[in-house]
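Secondary and tertiary structure notes
Here are the chains, one letter per residue:
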Amino acid sequence: MKIGIIGAGNIGSVLALRFGENGHEVRIANSRGPASLADVARETGATAVEAREAVKDADVVVVTIPEAKVPNLPKDLFAGVPASVVVIDTGNYYPQQRDGRIEGIEKGTPESRWVEQQIGRPVVKAFNNNYLYAVTLSRARYMI
Ligand SMILES: NC(=O)c1ccc[n+]([C@@H]2O[C@H](COP(=O)([O-])OP(=O)(O)OC[C@H]3O[C@@H](n4cnc5c(N)ncnc54)[C@H](OP(=O)(O)O)[C@@H]3O)[C@@H](O)[C@H]2O)c1
């Protein structure tokens, strides 16, 4: 499959490695552009691209960025992406440690429903129960 990953941190880079090892064609993006992802591309075998390029022609898209950054994604990122493309959301909400208060979630909207509202697409929540902080890719590949 062609898999686009938005977010190249702890989760995104390990998913890129594992998907690639399992024969998938992986493109990966962050907010700073592909030049900033040279190391990730080399270590995972994924192709570093802009976010729009990551979702283009993908069979599956993984959104794996901090919850508070989701509204920063380009508003029309999924315009033109067929409804059949599965969008996976790995996000967890950390109001105290990272995200600050997100009004909609605080008022009771489940996290992934809130993400759906931001990106305008249904999502499947997955991989958010894997704990992966500051581990090397060689170790992390056994954790997802
Ligand atoms: N790590 C875990 O163990 C774990 C477990 C379960 C769930 N999660 C959840 O999974 C998500 C990702 O976690 P993580 O630990 O992988 O985060 P991380 O290591 O902080 O990486 C976040 C990535 O998102 C990118 N990013 C931020 N804003 C962006 C934007 N607007 N457009 C594109 N890319 C953007 C960052 O790149 P730049 O800022 O450089 O652009 C970075 O590559 C979070 O919601 C987290 O709560 C993580």
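Residues numbered from 1 in each chain as written. Predicted model: local features only at pLDDT ≥ 70, side-chain atom pairs only at ≥ 80, totals over all residues. Heavy atoms only, no water.

1. Structural notes on the environment of G4
Operational definition: Helix and strand labels come from DSSP, where a helix needs a run of H or I of at least four residues and a strand needs a run of E of at least two; each type is numbered from the N terminus. In this scheme, a residue with accessible area under 20% of its type's maximum is buried, one over 50% is exposed, and one in between is partly exposed, where area comes from a 1.4 Å probe on protein chains only. Whether two residues are in contact is decided by their heavy atoms: any pair within 4.5 Å suffices.
Locating G4 in the fold gives a position in strand β1 (residues 2-6). On the accessibility criterion, G4 (0% relative accessible area) is buried. It is 5.9 Å that separates the C-alpha atoms of G4 and V26, two residues lying 22 residues apart in sequence. Excluding residues that lie within four positions of it along the chain, G4 makes contacts with R27, A54, A58, V60, V61 and V62.

2. Some details on the pairing of strand β4 (residues 60-63)
In plain terms, the rule: For two strands to be treated as a pair, DSSP must find no fewer than two bridges joining them.
A two-sided burial pattern is seen for β4, the buried positions comprising V60 and V62 on one face and V61 and V63 on the other. As paired strands, β1 and β4 are joined by four bridges and run parallel to one another. By the bridge assignment for β4, I5 is matched with V62.

3. Brief notes about the pattern of salt bridges
Which entries qualify depends on this criterion: Just to be clear on terms, a salt bridge is a Lys or Arg side-chain nitrogen sitting within 4 Å of an Asp or Glu carboxyl oxygen.
In the structure shown here, the tally under the stated rule is seven salt bridges. The partner of D76 in a salt bridge is R52, with the nearest N and O atoms 2.9 Å apart. A residue pair is termed long-range when its members are at least 10 positions apart, and D76 in the loop between β4 and β5 (86-89) and R52 in helix α3 (residues 51-55) qualify at 24 residues. The shortest N-O distance in the salt bridge between D99 and R98 comes to 2.9 Å.

4. Side note on helix α6 (residues 111-119)
Inspection of α6 places S112, W114, V115, E116 and I119 among the buried residues, and these make up the whole buried set. Next to the buried residues of α6 lie β5, α5 (103-106) and β6 (124-125). In the segment just after α6, G120 is the residue with positive phi, at about 75°.

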